[in-house]
Every structure is written in C-alpha cells, then in structure tokens.
Amino acid sequence: MALSVNTNVGAMTALQYLSKTQGDMQTTQNAISTGMKVSSAKDDGAAYAIAQNMRGNVASYEAVTDSLNRGMSSVDVAMSAGSSISDLLIQMKQKALSASDKSLDTASRSALNNDFTAMRDQITSIVKNASFNGYNLLNGTTNSISALASVDGQSTIKVSAQNMSLSGGIVSVKTTDKIDTVTNAGKMVSTVQTSLKAVNAALAKLSAGSKQYSIQLSFSSKLSDTVQAGIGNLVDANMATESARLTALQTKQQLGVQALSIANSAPQTVLSLFQ
C-alpha cells in the first residue's frame, strides 16, 4: 500500500468500524435503559407495528373487563336484594300462618299483622335501593343489562331483569295485603308461598347471569395476559444477552480506538523517508 499524507485508507477503515461499534453500543445501551429491544418504530418497524396493534387489543380487554365488572356488580346487588326479599317472604309466611289460627286473640293477630305489613313495606324499600351504577334489575325500570364480551364490541352478555316489586309478577303480594283476619291470613299463606317460589326461581336466573359474567371475566383476563406475554416476546430485551453484548462492544470500542490511533500514526512514517 502506497504511503500518502493525503489519503489514509487504514484510518478511514478503522473509523468506519469504530462508528459502527458506537452505533451498536447506543442501541444496546438504549435496550438496557428501557428494558426493550424495540422501543420505537426506528428500532424495528414491523415488530413495533405488531406490538402496537396488540397493545390496542390489551386496552380493549381492559374496557371489556370494566364492562363485565360493572354488569356483574349490578347483578350481584340484585341477587343480594333478592335474597333479602326471599328471607322476608319466609318470615311473612310464618306470620300469615300464625294469624290464620282461629283461636288467636285479637291483640295477637293485630301484632302479627303489624309485623307482616312492616315486612311487606320493607320489600318495597329493598327493591327501591337495589341499584348499582344506575341500574336496578328489580324495580321494573329496565328489562336487562348487557356487558361487552369481545374486543370488537360485537359480542355481549345479557342478563334479564327480575321485577320483584310488590304485585310485579314475581312477588304477587300487594301493597295493601294484610293478615288482619283469619280469612285474609289463610289466603296470604298461599300467596306468599307462591311469591317465595317465584323469587327463588328469579334468583336462580340472576345467579346464572352472574356466573356468565364471572366466566367471561376470567377468560378475558387470561386472554389479556397471553397477549401481553406476546408483546413481551416481540419487544422486551433479554437483559443477560444485552449485558454480554455491551461487554463485547466496550472491548471492540477500545480496540477500535487503538486501531484508529495506529492508522493515524502511519503518515508520520513518511517523515523518515526525508531524513
């Protein structure tokens, strides 16, 4: 190779390799500092685009989870209220049966009637307050509640409302019913028993709906975890690998600096030709 003070091919080559090593070090340091091998589209456009689409799905699963949680909470509130109504009906049946006893004195029957009407009115209070997030599945103001079941919004899970208001179809006890006489008490035993069976059947339907929400919620959570794992496989850096690569690049950098220094000193040998 000819000696020249104008063109130092060795220095140019050493500088090229040193620059490449510097670029590789920058990439490795970025991966170590962020924990990601693909943190922007500049790193790997295809992988970044795929990861962003998957992140969109994860965000959608969060929306589905929120919707399912709201739906399940509304149904659970209705079930809790329905269970209380069922308990009240059991007590009301007991009061009605006791009041149907012909040997009962007037004062005792009056006391039983007072208890009965208080429980009857309590059903109205329970139904009125069985609301969550603006939904009341027991007072007849809504027919059903739906929750998202898929990230595209096309699939939903619907749970039918159960109107447990007095005279609402399920509870056949009326707002004016009493057990103040033997005849009224005798009729009320049958009425309350019919209402009790209907309420328990309605609770079973609500329970099935709540279970649907719970199963879908678990499934959505697993899907979200799987997608997040997939994103990690695409963009997360292997820290052990990056650590080893950084050590190797630091060594290459030191060698590159030395090689450039040697190459830069080559033109000085031209001086020896003129001594």
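Since we're looking at a predicted model, the values are computed, not measured. (Residues numbered from 1 in each chain as written. Predicted model: local features only at pLDDT ≥ 70, side-chain atom pairs only at ≥ 80, totals over all residues. Heavy atoms only, no water.)

Enquirer: How do you make sense of the overall build of the chain when you look at a structure like this?
Expert: Tallying secondary structure elements over the chain gives five helices and four strands in all. Going from the N terminus to the C terminus, the chain shows its helices and strands as α-α-α-β-β-β-β-α-α. Taken over C-alpha atoms, the radius of gyration comes to 39 Å for the chain, far larger than the 19 Å a tight globule of 275 residues would show. If one aligns the C-alpha atoms of the chain with their principal axes, the spans along those axes are about 140 × 30 × 20 Å. In the chain, which comprises 275 residues, the share counted as buried stands at 33%. In the chain, the proportion of contacts linking residues at least 24 apart, taken out of those at least 6 apart, comes to 76%. Of the accessible surface of the chain, which amounts to about 15600 Å², a share of 52% is contributed by carbon and sulfur atoms. (Helix = DSSP H or I, 4+ residues; strand = E, 2+ residues; numbered from the N terminus. Rg over C-alpha atoms; globule rule 2.2 N^0.38 Å. Buried < 20%, exposed > 50% of the residue type's maximum accessible area, 1.4 Å probe, protein only. Contact = heavy atoms within 4.5 Å. Areas by Shrake-Rupley, 256 points an atom, 1.4 Å probe, with all protein chains shown as cover.)

Enquirer: Please clarify how the environment of Lys211 should be interpreted in this entry.
Expert: Considering the arrangement of structural elements, one finds Lys211 in helix α4 (residues 182–235). Taking C-alpha positions, Lys211 is 9.9 Å from Val75, a pair spaced 136 residues apart along the chain.

Enquirer: Please clarify how the UniProt feature "domain: Flagellin N-terminal" (unreviewed entry) in the chain should be interpreted in this entry.
Expert: Mapped onto the present numbering, the UniProt feature "domain: Flagellin N-terminal" (unreviewed entry) falls on residues 5–141. Secondary structure across residues 5–141 comprises 77% helix and 3% strand; the distance between its end C-alpha atoms is 93 Å. (UniProt positions renumbered as here; feature names shortened; annotations may be inferred.)

Enquirer: Before we go on, may I ask you to explain the confidence of the model for the chain in this structure?
Expert: Do not read the fine detail of predicted coordinates wherever pLDDT is low. Here the chain shows a mean pLDDT of 90. Residues at 70 or above account for 99%. The least confident element of the chain is helix α1 (residues 9–34), whose mean pLDDT is 85; the most confident is helix α3 (residues 106–129), at 95. (pLDDT = per-residue confidence, 0-100.)

Enquirer: Would you mind going over the pairing of strand β3 (residues 144–148) with me for this structure?
Expert: Two faces belong to every sheet, and in a regular strand the side chains alternate between them. Judged by which residues are buried, β3 turns out to be one-sided: Ile145 and Ala147 face inward and are buried, whereas Ser144, Ser146 and Leu148, on the alternate face, are not. Pairing of β3 with strand β4 (residues 156–160), which is carried by five bridges, proceeds in the antiparallel orientation. Across the sheet, the residue bridging to Ala147 is Ile157, located in β4. (Pairing = 2+ DSSP bridges.)

Enquirer: Looking at this structure, I do not really get the nonpolar core. What am I missing?
Expert: It is characteristic of soluble globular proteins that their nonpolar side chains tend to be buried jointly. Ranked by internal contacts, the top residues of the largest apolar core, which has 44 residues, are Ile85, Leu89, Met164 and Tyr213. A total of 12 residues in this core trace back to one element, the largest contributor, which is helix α2 (residues 45–99). Residues within four places of Met164 in sequence aside, it is in contact with Gly82, Ile85, Ile123, Val127, Leu138, Ile170, Val171, Val199, Ala202, Leu203 and Leu206. The next biggest cluster of nonpolar side chains, apart from the first, holds eight residues, and it includes Val38, Ala47, Tyr61 and Ile231. (Core = buried A, V, L, I, M, F, W, Y, C linked by side-chain atoms within 4.5 Å.)

Enquirer: Where do I start with the UniProt feature "domain: Flagellin C-terminal" (unreviewed entry) in the chain in this structure?
Expert: According to UniProt, the "domain: Flagellin C-terminal" (unreviewed entry) feature falls on residues 191–274. With 86% helix and 0% strand, the stretch residues 191–274 has end C-alpha atoms that lie 125 Å from each other.

Enquirer: Would you take a moment to explain the pattern of salt bridges for this structure?
Expert: Close approach of charged atoms allows side chains of opposite charge to pair. Summed over the entire model, instances satisfying the criterion amount to four salt bridges. Of the charged contacts, one joins Glu242 and Arg245 as a salt bridge, the two residues approaching to 3.0 Å between their closest N and O atoms. Residue Glu242 and its partner Arg245 are both found in helix α5 (residues 239–265); the two are separated by three residues, about one turn of the helix. With a relative accessible area of 8%, Glu242 lands in the buried category. For Arg245, a relative accessible area of 37% puts it in the partly exposed group. (Salt bridge = Lys/Arg side-chain N within 4 Å of Asp/Glu carboxyl O.)

Enquirer: Just to check I follow, could you spell out the packing of α2 against α4 for this structure?
Expert: When two helices pack together, their arrangement is given by the angle between their axes and by how far apart the axes lie. Closest axis-to-axis distance for the α2/α4 pair is 7 Å, and the angle between their directions is 165°. Regarding the angle of α2 to α4, the classification is roughly antiparallel. Considering how the two elements wind past one another, α2 and α4 form a crossing that is left-handed. (Axes fitted to C-alpha atoms, helices over the stretch in contact; angles between N-to-C directions. Parallel < 35°, antiparallel > 145°, perpendicular 65-115°, else oblique. Left-handed = near helix turned anticlockwise from the far one by under 90°.)

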